[in-house]
Amino acid sequence: MIYKTKGTCSQAIEFEIDENKVLHNVKFIGGCSGNTQGIAKLVEGMDTDEVIRRLEGINCGGRGTSCPDQLSLALKAALTE
C-alpha cells in the first residue's frame, strides 16, 4: 500500500501487511531520513495494532501530527479496506 501523508515532511509511506496483520517493508518517501529509517526498522515484523497503539497521536513541532502518527493513520486506513 502507498499512503499519501498530510502535515509532515514526508510525502508518502509504502508498506505491506501480511495475512496475520504483521507489518513489513515500511518505507517513508521524504522526511528526515534517519528518523524515518529508524521508525521503519523498529516496526518491521510488528503487529499492526501494536504499531498503531504506540505511534498514534505523536506530535512533531506543533503540527498536530508526525511521521509516526501518519504511519498509524495509514495502517488504520489499510485495515479498514
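Report on the accompanying structure. Note that the coordinates shown come from a computational prediction; the quantities given were computed from them, not determined experimentally.

## Observations regarding the pairing of strand 3 (residues 23-30)
Note: strand 2 (residues 10-17) against strand 3, six bridges, orientation antiparallel. Bridged to Glu 14 within strand 3 is Lys 27. Where strand 2 hands over to strand 3, the hairpin turn is made up of five residues, of which Lys 21 adopts a positive phi near 65°.

## Looking at the nonpolar core
By size, the foremost hydrophobic cluster in this structure holds 18 residues, and its most contacted members are Phe 15, Val 26, Val 43, Val 51 and Leu 71. The biggest single contributor to this core is helix 3 (residues 67-80), with five residues. In this structure, Val 43 is in contact with Leu 23, Val 26, Val 51, Leu 55 and Leu 71, ignoring residues within four places of it in sequence.

## Section: the side chain of Asp 69
Looking at where Asp 69 falls in the secondary structure, it is placed in helix 3. Buried and unpaired, Asp 69 has no salt bridge, with Lys 76 as the nearest side chain of opposite charge at 7.2 Å. Polar contacts involving the side chain of Asp 69 include one to the side chain of Thr 65, which spans 2.6 Å. With residues near it in sequence (within four places) discarded, Asp 69 still touches Leu 55, Glu 56, Gly 57, Ile 58 and Gly 64.

## Quick word on the pairing of strand 2
A regular strand carries its side chains on alternate faces of the sheet. Two elements, strand 1 (residues 2-4) and strand 2, share three bridges in a ladder whose sense is antiparallel. Its bridge partner being in strand 2, Lys 4 is matched across the sheet by Ala 12. Connecting the antiparallel pair strand 1 and strand 2 is a turn made up of five residues, with Gly 7 showing a positive phi of about 80°.

## Here we look at the pattern of salt bridges
Side chains that carry opposite charge are capable of pairing whenever their charged atoms lie near each other. Counting across every chain of the model gives four salt bridges. Taking the shortest distance from any N to any O, the salt bridge between Glu 56 and Lys 76 comes out at 2.2 Å. Of this pair, Glu 56 sits in the loop between helix 2 (48-55) and helix 3 while Lys 76 sits in helix 3, and the two are 20 residues apart along the sequence. For Lys 76, a relative accessible area of 34% gives the class partly exposed. What emerges from the salt-bridge pattern is a single network uniting Glu 50, Arg 53 and Arg 54.

About the cut-offs
Residues numbered from 1 in each chain as written. Predicted model: local features only at pLDDT ≥ 70, side-chain atom pairs only at ≥ 80, totals over all residues. Heavy atoms only, no water. Pairing = 2+ DSSP bridges. Helix = DSSP H or I, 4+ residues; strand = E, 2+ residues; numbered from the N terminus. Core = buried A, V, L, I, M, F, W, Y, C linked by side-chain atoms within 4.5 Å. Buried < 20%, exposed > 50% of the residue type's maximum accessible area, 1.4 Å probe, protein only. Contact = heavy atoms within 4.5 Å. Lys, Arg positive; Asp, Glu negative; His and termini not counted. Salt bridge = Lys/Arg side-chain N within 4 Å of Asp/Glu carboxyl O. Polar contact = N/O pair within 3.5 Å; in protein donor to acceptor, adjacent residues only side chain to side chain.

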